[in-house]
Amino acid sequence: MNNKMFFFVEKTPGIFVDKTLRIKSKWNCAEEYKDVNDFCYNIRDRLNGLFQNTMGMKRSQNMSNQEKAALRNLHLNKNVNVIINDTDKNVGPACAEKTDVIKECRRQLYDKEAYNILTQEEAEQLIRVIKQRLSNIVNKHTIRGNCSNKGSGISTFKFEQIQNSSFFYIIWKILKNPIVDRPIVAGYKWILTPASIFVGYYLKDFCNKFDTILRDSFSLVKHLEKEQFTSDCFLFSVDLKSLYTNIPAQKN
Amino acid sequence: MRELVMEYINVLPNADFIIDLLELVLENSLMELHGEYFQQIFGIIIGTNVAPILANLYLAKLEDSERKNEKQSSNDMSGTIQTLHR
């Protein structure tokens, strides 16, 4: 069975061929089921009917004026009283009171084991030290010859483009009950971002050396499809709480 | 991590450089929230590009070493699970 057949079939009268529909995958199923086929043909015909009926009609909004005004209001006042953010696992936007968001961020950041609170002067001092160390490292390795042009580009990165720090924020995990949050740090203009990208580029190769690291969820599915399990096999999954802040960086 | 990169030093000509940079990245972070500044002092710095890769490598290494232990002591999976709990 090929999912194409539901959209592009020979052009006999009454059969739905619409170029505006896009087929996402060219998946072929080895087996064919009458129920599934009937279901899909039914969808096709109903869609066809819908298109035929609404074609040429003037489009109207499906929101009431009140709803529209409320949405506009929300948009104009975002980050004033409410914060609209993405959610974990991409399940749509979430809206929260600003005070709640700040309270939750503070709760996370005031964890003395994982974070240090710095004053503005200390932060500026830290940035100076990092800049110095970064250029020292790059110079040292340029002299030794194990730093390519690309590597030395890290320190000549335009500093004026840099924001002084990364931003901490949270996204809600609305699938959990009670709702918890995931801390995110956006550091796309941090001084060490180019260095981090550079290192990541090389370290990625090491991941391939381990067959226990999978590229993504889809490769897991592909793996499982190939595998044959006997009845005394059992599958389980393990999750780690706060993985990043639990890996001792010093030991690395 | 250092020992891992050193294992492949022949493959990676600039391993020293990578290690130095990695150290710098992991030791220095600065994040801002509402005018306050914070520095992460424990764990892999959240938000760096290397964080997911490092986390993967760390777990893979952990699994490797646990498997070796398992073979030596012919223990069951409980060893691994205990380690993960720590």
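Residues numbered from 1 in each chain as written. Chains lettered and ligands numbered in written order. Predicted model: local features only at pLDDT ≥ 70, side-chain atom pairs only at ≥ 80, totals over all residues.

Attention shifts here to the overall build of chain A. When helices and strands are tallied, chain A shows 8 helices and 5 strands. Mapped in sequence order, the helices and strands of chain A form the string α-α-β-β-α-β-α-α-β-β-α-α-α. Expressed as a percentage of its 252 residues, the buried residues of chain A come to 14%. Excluding contacts between residues fewer than 6 apart, the proportion of contacts in chain A whose partners are at least 24 apart in sequence is 47%. (Helix = DSSP H or I, 4+ residues; strand = E, 2+ residues; numbered from the N terminus. Buried ≥ 20, exposed ≤ 12 C-beta atoms within 10 Å, placed from the backbone. Contact = placed C-beta atoms within 7 Å.)

So, about the overall build of chain B. What chain B contains, in helices and strands, is 4 helices and 2 strands. When burial is assessed residue by residue, chain B has 34% of its 86 residues classed as buried. Nonlocal contacts in chain B, meaning residues at least 24 apart in sequence, comprise 15% of its contacts between residues at least 6 apart.

Another point: the pairing of strand S2 (residues 36-40) of chain B. Note: strand S3 (residues 115-118) of chain A against S2(B), 4 bridges, orientation antiparallel. Residue pairing for S2(B): A:Leu118 is matched across the bridge by B:Tyr37. In the sheet, strand S1 (residues 31-33) of chain B pairs with S2(B) via 3 bridges, with the strands oriented antiparallel. Bridging from a neighbouring strand, B:Leu33 pairs with B:Glu36 of S2(B). Between S1(B) and S2(B), which pair antiparallel and follow one another directly, the connecting turn spans 2 residues, one of which, B:His34, has a positive phi of 55°. (Pairing = 2+ DSSP bridges.)

Taken together, the contact pairs 45 residues of chain B with 54 residues of chain A. Elements with a minimum of two residues in the side of chain B that touches chain A: helix H1 (2-7), helix H2 (15-27), S1, S2 and helix H3 (51-73) of chain B.

With that settled, consider the pairing of strand S4 (residues 166-173) of chain A. Residues and elements named next belong to chain A. Of the two faces of S4, only one is covered, namely that formed by Ser 166, Phe 168, Ile 170 and Trp 172; the face formed by Phe 167, Tyr 169, Ile 171 and Lys 173 stays uncovered. Judged from the 7 bridges that link them, S4 and strand S5 (residues 180-186) form a sheet pairing that is antiparallel. Residue Lys 173 lies in a different strand from S5, and its bridge partner there is Val 180. The turn joining S4 and S5, which pair antiparallel and follow one another in sequence, is formed by 6 residues.

Residue and element names in this part refer to chain A. Positive phi values are uncommon outside glycine, yet Lys 89 reaches one of about 60°. Of the residues examined, Lys 89 has 11 C-beta atoms within 10 Å and is grouped as exposed. The backbone of Asn 90 sits at a positive phi, close to 55°, despite the residue not being glycine. Relative to the assigned elements, Asn 90 resides in the loop between strand S1 (82-85) and strand S2 (94-97).

Ranked by size, the top nonpolar core spans 42 residues in total, and within it A:Val199, B:Leu21, B:Val25 and B:Val50 carry the most contacts. When contributions to this core are tallied by element, the ones reaching two or more residues are helix H3 (98-109), helix H4 (120-144), S4 and helix H6 (193-207) of chain A together with H2, S2 and H3 of chain B. Setting aside chain neighbours within four positions, we find A:Val199 in contact with B:Ile18, B:Leu21, B:Leu22, B:Val25 and B:Val50. (Core = buried A, V, L, I, M, F, W, Y, C linked by C-beta atoms within 7 Å.)

Judged by pairing direction, the sheet is mixed, and its 5 strands sit side by side in the order S3(A)-S2(B)-S1(B)-S4(A)-S5(A) without closing on themselves. Lying at the two open borders of the sheet, with one neighbouring strand each, are S3 and S5 of chain A. The average angle at which neighbouring strand axes cross in this sheet is 40°, direction not considered. (Axes fitted to C-alpha atoms, helices over the stretch in contact; angles between N-to-C directions.)

Turning our attention to the confidence of the model for chain A. When the pLDDT values of chain A are averaged, the result is 77; 81% of them are 70 or greater. Least confident of the elements in chain A is helix H5 (residues 149-152) of chain A, whose mean pLDDT is 58; most confident is helix H2 (residues 65-76) of chain A, at 89. (pLDDT = per-residue confidence, 0-100.)

Now for H3(A). Every α-helix carries 3.6 residues per turn, so stepping three or four residues along brings you back to the same face. Between its first and last C-alpha, H3(A) extends 16 Å over 12 residues, near the 16 Å set by a 1.5 Å rise per residue. By the burial criterion, the buried members of H3(A) are A:Val101, A:Cys105 and A:Leu109. All buried residues of H3(A) lie within an arc of 65° about the axis, which places them on one face of the element. Turned more than 90 degrees away from the buried face of H3(A) sit A:Thr99, A:Asp100, A:Lys103 and A:Arg107, all of them exposed. Turning to H3(A), the residues buried within the fold contact S1, S2, S3 and S4 of chain A together with S1 and S2 of chain B. (Expected span 1.5 Å × (residues − 1). Arc of directions from axis to C-beta.)

Residues and elements named next belong to chain B. Positionally, Leu 26 belongs in helix H2. With 24 C-beta atoms counted inside 10 Å, the residue Leu 26 sits in the buried group. Leu 26 sits 15 residues away from Ile 41 along the chain, and the two C-alpha atoms are 9.2 Å apart.

Our focus in this paragraph is the confidence of the model for chain B. All names here are of chain B. Across chain B, pLDDT averages 71, with 66% of residues at or above 70. Per-residue pLDDT, averaged within each element of chain B, yields its smallest value for helix H4 (residues 78-85) (50) and its largest for S2 (84). Reported for the predicted complex are a pTM of 0.64 and an ipTM of 0.71.

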